[in-house]
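Breakdown of the fold
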Amino acid sequence: MRYPVVVHHIESAGFGAIAPDLPHCHCHAETLDDALQKMAETILQRLEEADAIGQLPPPPGDMRSLKANPAFAGGIWAIIDVAHSPESRSPIPRRKN
């Protein structure tokens, strides 16, 4: 699955990332790369939690609609590819320009 993620630089605190389509899916890291990697891991964890209680994962949102939300203004957008299946559970962060 491919989930949009927005990352904001927090002066003197690093980077905060949010996956708007997944409840309680956010993280913080000192670098952008670390924030993207942690977000990939967090997304995978949220999807596994949904599996554990028999819920389907929410579908990824439309990037244009998400970018139009003023709460995300000034953020760096990325797409996180998560291989979510019993055979492969490897999160792969990819930056979106």
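The structure we're discussing is the one just above.
Residues numbered from 1 in each chain as written. Predicted model: local features only at pLDDT ≥ 70, side-chain atom pairs only at ≥ 80, totals over all residues. Heavy atoms only, no water.

1. Some details on the nonpolar core
Among the nonpolar cores identified, the biggest contains 21 residues, and Val-5, Val-7, Ala-19, Leu-22, Met-39, Ile-43 and Ile-80 are the most heavily contacted of them. Counting residues per element, the ones that place at least two in this core are β1 (2-10), β2 (14-18), β3 (26-29), α1 (32-52) and β4 (76-82). By residue number, the principal contributor to this core is α1, which donates 8 residues. Sequence-distant contacts of Val-5, that is, excluding residues within four places in its chain, are made with Ala-17, Ile-18, Ala-19, Pro-20, Met-39, Ile-43, Ile-76, Trp-77, Ala-78 and Ile-80. By size, the runner-up hydrophobic cluster in this structure holds 6 residues, among which are Leu-66, Phe-72, Trp-77 and Ile-79. (Core = buried A, V, L, I, M, F, W, Y, C linked by side-chain atoms within 4.5 Å. Buried < 20%, exposed > 50% of the residue type's maximum accessible area, 1.4 Å probe, protein only. Helix = DSSP H or I, 4+ residues; strand = E, 2+ residues; numbered from the N terminus. Contact = heavy atoms within 4.5 Å.)

2. Considering the side chain of Thr-42
Within the secondary structure layout, Thr-42 lies in helix α1. Looking at Thr-42, the relative accessible area reads 11%, which means it is buried. Of the polar contacts made by the side chain of Thr-42, one reaches the backbone oxygen of Lys-38; its length is 2.8 Å. Beyond its immediate stretch of four places on either side in the chain, Thr-42 contacts Cys-25, His-26 and Cys-27. (Polar contact = N/O pair within 3.5 Å; in protein donor to acceptor, adjacent residues only side chain to side chain.)

3. Considering the environment of Val-7
Along the polypeptide, Val-7 turns up in strand β1. In this structure Val-7 comes out as buried when scored by relative accessible area, which is 1%. When the C-alpha atoms of Val-7 and Cys-27 are compared, they prove to be 9.4 Å apart, with 20 residues separating the residues in sequence. Those residues in contact with Val-7, other than ones at most four positions away along the chain, are Phe-15, Gly-16, Ala-17, Leu-32, Ala-35, Leu-36, Gly-75 and Ile-76.

In short, geometric facts, not functional conclusions.
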